[in-house]
Amino acid sequence: MGARATETTRELESTSIKYQIGGHAEKMWQRLKGILRCLVKQLEKGDINVVDLKKNIEYAASVLEAVYIDETRKLLDTEDELSDIQSDSVPLEVRDWLASTFTREMGIVKRRPEEKPKFRSIVHAVQAGIFVERMYRRTSSMVGLAYPAEVIVTFKIPVPNLISFAEALEVGYSKYKNPYHNLIHAADVTQTVHYIMIHTGIMHWLTELEILAMIFAAAVHDYEHTGTTNNFHIQTRSDVAILYNDRSVLENHHVSAAYRLMQEEEMNILANLTKDDWRELRSLVIEMVLSTDMSGHFQQIKTMRHTLQQTEGVDKAKAMSLILHAADISHPAKSWELHYRWTMALMEEFFRQGDKEAALGLQFSPLCDRKSTLVAQSQIGFIDFIVEPTFSLLTDSMEKIVMPLIEEASKSESPAFGTPSQNSLGAVSNAEAQRRPSFKSTSDGGTHTENSLATVDLTSFKDNLMKIIQANKERWKELAVEEELVKNVGEQEKDQSRNSTDAQLQEETTRIQNESSQGSDGTTCPPRSIVLQVVSFDTPLSDESNSEKCTNSDPNQKDLTDAQQETQNTDPLNGEPKHCKKSEDSVKATEKEALIQN
């Protein structure tokens, strides 16, 4: 094998690792084209053997296949994901909400090809996880807050800048005084992302920069949220909807506004990153935050399911995006007290949007009408069709990524893994984990949390999540029964009230008709409505002409004059006759004329 061929092979191997770790598809295309041209020239010169040629062509084919899968996946239809929702057991309003919130017709943001772990050194994965252990080794105190020293050293984050940036985030999250999408939600999601990274062991798969990107994206993912949905912005043609062309309106704003903060020197927490690291982190953050657009939920789930069915590894950006998305909708996977409070806060935010829609003359968005929304039913649908599938996919993804790391660490007896007894999955049981000390001594006399692969128990992680989710769903089912009863009682009361109102109207109508046909002295009078209809067809007459008409006119005309006189003697406020003393002949004549005119 020639020297040039050997150099090409090494270049391919190093490029493959760089490609899979960095994920820069465009750069990889350029490199791949250059290498293929180089191979063609070597073939022309006869300077490469069959083994090297086969190896290089297989690698090129694998890259092309990965890109092909990624591109064709964009053409997949997401409508089949809604087939289970189209059930009579799901209330119409809940179906409308699920469909309008978690689907979209617009195109999918371009994704990077899947990562292939066979090109990735397990040693690198273990080394990447060592940083996380160092993070908790010791802390330094400044202005009353604790900062992990190793985090500051590793990322070179200026503490004053960090404080200024955090304060600005707090102001932005409080800008619209939202019941749900506020600074507490941001802190909750950030803590949940941290929890998932620790307890699934996924942190051992991520580099230091990727861990920073995860935490940063969680912290800014809803910055300056307006408390209204993307669809509300689109329908009202808001400035941000116009700016971002109706595409992931709020999510684009969250990222853009957060980075705009760091344009100020005193808030630039990423000032000491290299240009390459800054660009890679920004690319990851953008993709993760945009993935929190709920309208892309089903496409995101389908993409990850397809990835798990392949023999290749999982793309990092996609896995990180799934973690953030799961954390964003994670309150049904927490204790009932927390879950219920988050639900009520979210519903109040929906109702406030409904109030705005009503004021603007817009149709209510699903679940935004205070008077008709089925809260319990909506949560059951949310858990059944969104939360359970998401967390099931999350745990399956973590197993595919982390189990190989656990197995390799166990075989190599890596310090990151430790030496405790293991179960069949290579994880420590809950009982063993509880018996083991939570901290280890370090050479400097301090302690740090032992977040090694040996403490990872994916089975318990998944079981605990599903147990809590199911328990919360059962509570909502109980409340749904009460909710349905209240709804039925309300409808019955409305029907009874409607029937009572109709009966009252009928009774009042009958009473008025009876009063109109009975005079104060018992003499029958023509109904007022008929008399008024007769008068409305006549021209008013003067007293003189009236007297003359009464003497010389024919009987019919005289009857009209009598009717006008009756009207003049009627109380203008309530229409009751002041007196009704007519001769029997005149009354009969008036009734006859009234019937003719009517």
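A. Geometry of the overall build of the protein chain. Within the protein chain, the secondary structure is distributed over 23 helices and 4 strands. Here the protein chain, with 598 residues, has 47% of them falling under the buried criterion. When contacts within the protein chain are restricted to residue pairs at least 6 apart in sequence, those whose partners lie at least 24 apart make up 76%. Put simply, the protein chain shows about 31200 Å² of open surface, and 53% of that area lies on carbon and sulfur atoms.

B. Local environment of the nonpolar core. One finds Phe165, Val193, Leu281 and Phe391 to be the most contacted residues of the largest nonpolar core, which totals 99 residues. Element by element, the count of residues in this core is highest for helix H17 (residues 375-412), at 18 residues. In this structure, Phe165 is in contact with Phe216, Val220, Ala258, Leu261, Met262, Met267 and Ile269, ignoring residues within four places of it in sequence.

C. Up close: the packing of helix H16 (residues 336-360) against H17. Taken N-terminus to C-terminus, the directions of H16 and H17 make an angle of 110°; their axes are 12 Å apart at the nearest point. Relative to H17, the element H16 lies roughly perpendicular. At the point where H16 passes H17, the crossing takes the right-handed sense. The segment H16 lies against H17, with His339, Thr343, Met344 and Met347 engaging Val375, Gln379 and Ile383. Across the contact of H16 with H17, the residue classes break down as 4 nonpolar, 3 polar and no charged.

D. Looking closely at a positive patch on the surface. Together, Lys33, Arg37, Lys41 and Lys45 make up a region of like positive charge exposed at the surface. Tracing the sequence through the fold places Arg37 in helix H2 (residues 25-45).

E. Examining the confidence of the model for the protein chain more closely. Residues at a pLDDT of 70 or more form 61% of the protein chain, whose mean pLDDT is 75. Low pLDDT, under 50, characterises residues 570-583; the stretch is placed with 24 contacts to residues that sit more than four places away or in other chains. Confidence drops under a pLDDT of 50 for residues 590-598, and excluding neighbours within four residues, the segment shows 12 contacts in the predicted structure.

F. The arrangement of the environment of Glu167 in detail. Locating Glu167 in the fold gives a position in helix H7 (residues 159-173). Judged by relative accessible area, Glu167 falls into the partly exposed class, the value being 48%. C-alpha separation for the pair Glu167 and Met267, spaced 100 residues apart in sequence, amounts to 9.5 Å.

G. How the structure looks around unusual backbone geometry. For Asp246, which is not a glycine, the phi torsion comes out positive at approximately 65°. Among the residues examined, Asp246 registers a relative accessible area of 32% and is labelled partly exposed.

H. Main features of the packing of aromatic side chains. By the definition in use, this model includes 12 aromatic pairs. Between the aromatic rings of Trp97 and Phe102, the centroid separation amounts to 5.7 Å while the plane-to-plane angle is 80°, which identifies the pairing as edge-to-face. For the residue pair Trp97 and Phe102, the accessibility class agrees, reading buried in each case. Ring geometry for Trp336 and Trp476: centres 5.0 Å apart, planes at 65°, overall edge-to-face. Of this pair, Trp336 sits in helix H16 while Trp476 sits in helix H19 (residues 458-516); the two residues are 140 residues apart in sequence, bridging distant segments of the chain. You can call Trp336 buried: its relative accessible area is 13%. Here the aromatic cluster, defined as three or more aromatic residues joined through ring pairs, consists of Phe165, Phe216, Tyr259 and Trp278. The ring of Tyr259 carries Arg282 above its face, with NZ or CZ at 4.6 Å from the centroid. A cation over an aromatic ring shows up here: Lys316 above the ring of Trp205, its NZ or CZ 5.4 Å from the ring centre.

I. Inspection of the pattern of salt bridges at higher detail. Here the structure, examined in full by the defined rule, presents 11 salt bridges. As a salt-bridge pair, Lys316 and Glu210 come within 2.8 Å of each other at their nearest N and O atoms. Of the two residues, Lys316 is situated in helix H15 (residues 316-328) and Glu210 in helix H9 (residues 208-220); the sequence distance between them amounts to 106 residues. For Lys316, a relative accessible area of 3% translates into the label buried. On the basis of relative accessible area, Glu210 is assigned to the buried category, the value being 1%. For the salt bridge of Glu348 with Arg370, the shortest nitrogen-to-oxygen distance reads 3.2 Å. Placement of Glu348 in helix H16 and of Arg370 in the loop between H16 and H17 is noted, with a sequence separation of 22 residues between them. Owing to a relative accessible area of 39%, Arg370 belongs among the partly exposed residues under this scheme. The network of salt bridges with shared partners includes Glu348, Arg352, Asp355 and Arg370.

Parameters and conventions
- By convention here, each chain's residues receive numbers from 1 onward along its written sequence.
- Confidence filtering applies because this is a predicted model: local features only for residues at pLDDT of at least 70, side-chain atom pairs given and counted only at 80 or more, and all residues used for totals across whole chains, interfaces and linings.
- Each side-chain value is derived from all of the structure's non-hydrogen atoms; neither hydrogens nor water enter the calculation.
- A run of H or I in DSSP counts as a helix once it spans at least four residues, and a run of E counts as a strand once it spans at least two, with each numbered from the N terminus.
- Only protein chains enter the accessibility calculation, which uses a 1.4 Å probe. A residue is then buried if its area is under 20% of the maximum for its type, exposed if over 50%, and partly exposed in between.
- We call two residues in contact whenever any of their non-hydrogen atoms come within 4.5 Å of each other.
- Method for areas: the Shrake-Rupley scheme with a 1.4 Å probe, in which residue coverage is limited to the protein chains shown.
- We call a set of buried residues a nonpolar core when its members are Ala, Val, Leu, Ile, Met, Phe, Trp, Tyr or Cys and they connect through side-chain atoms within 4.5 Å of each other.
- To define axes, lines are fitted to C-alpha atoms, for helices over the stretch in contact only, and angles between the resulting N-to-C directions are given on a 0 to 180 degree scale.
- The scheme is simple: roughly parallel for angles under 35 degrees, roughly antiparallel for over 145, roughly perpendicular for 65 to 115, oblique for anything else.
- By definition, any crossing whose near helix is turned counterclockwise from its far helix by less than a right angle is left-handed, and any crossing with a clockwise turn is right-handed.
- Here the nonpolar group is Ala, Val, Leu, Ile, Met, Phe, Trp, Tyr, Cys and Pro; Asp, Glu, Lys and Arg are the charged ones; every other residue, Gly included, is treated as polar.
- Residues qualify for a patch when their relative accessible area is over 30% and they have no salt bridge, like charges being joined within 9 Å and the nonpolar side chains of Val, Leu, Ile, Met, Phe, Trp and Tyr within 5 Å.
- Salt bridge, as used here, is a side-chain nitrogen of Lys or Arg placed within 4 Å of a carboxyl oxygen of Asp or Glu.
- Counted as positive: Lys and Arg. Counted as negative: Asp and Glu. His and the chain ends are not counted at all.
- One atom stands in for each charge, and that atom is NZ of Lys, CZ of Arg, CG of Asp or CD of Glu.
- Residue-level confidence of the predictor is what pLDDT reports, using numbers from 0 through 100.
- Two rings from Phe, Tyr or Trp (for Trp, the six-membered ring) form a pair when their centres sit within 6.5 Å of each other. Planes less than 30 degrees apart are called stacked, planes more than 60 degrees apart edge-to-face, and all others tilted.
- Here, over-ring charges are defined by two tests on the NZ atom of lysine or the CZ atom of arginine: distance to the ring centre within 6 Å, and angle to the ring normal within 35 degrees.

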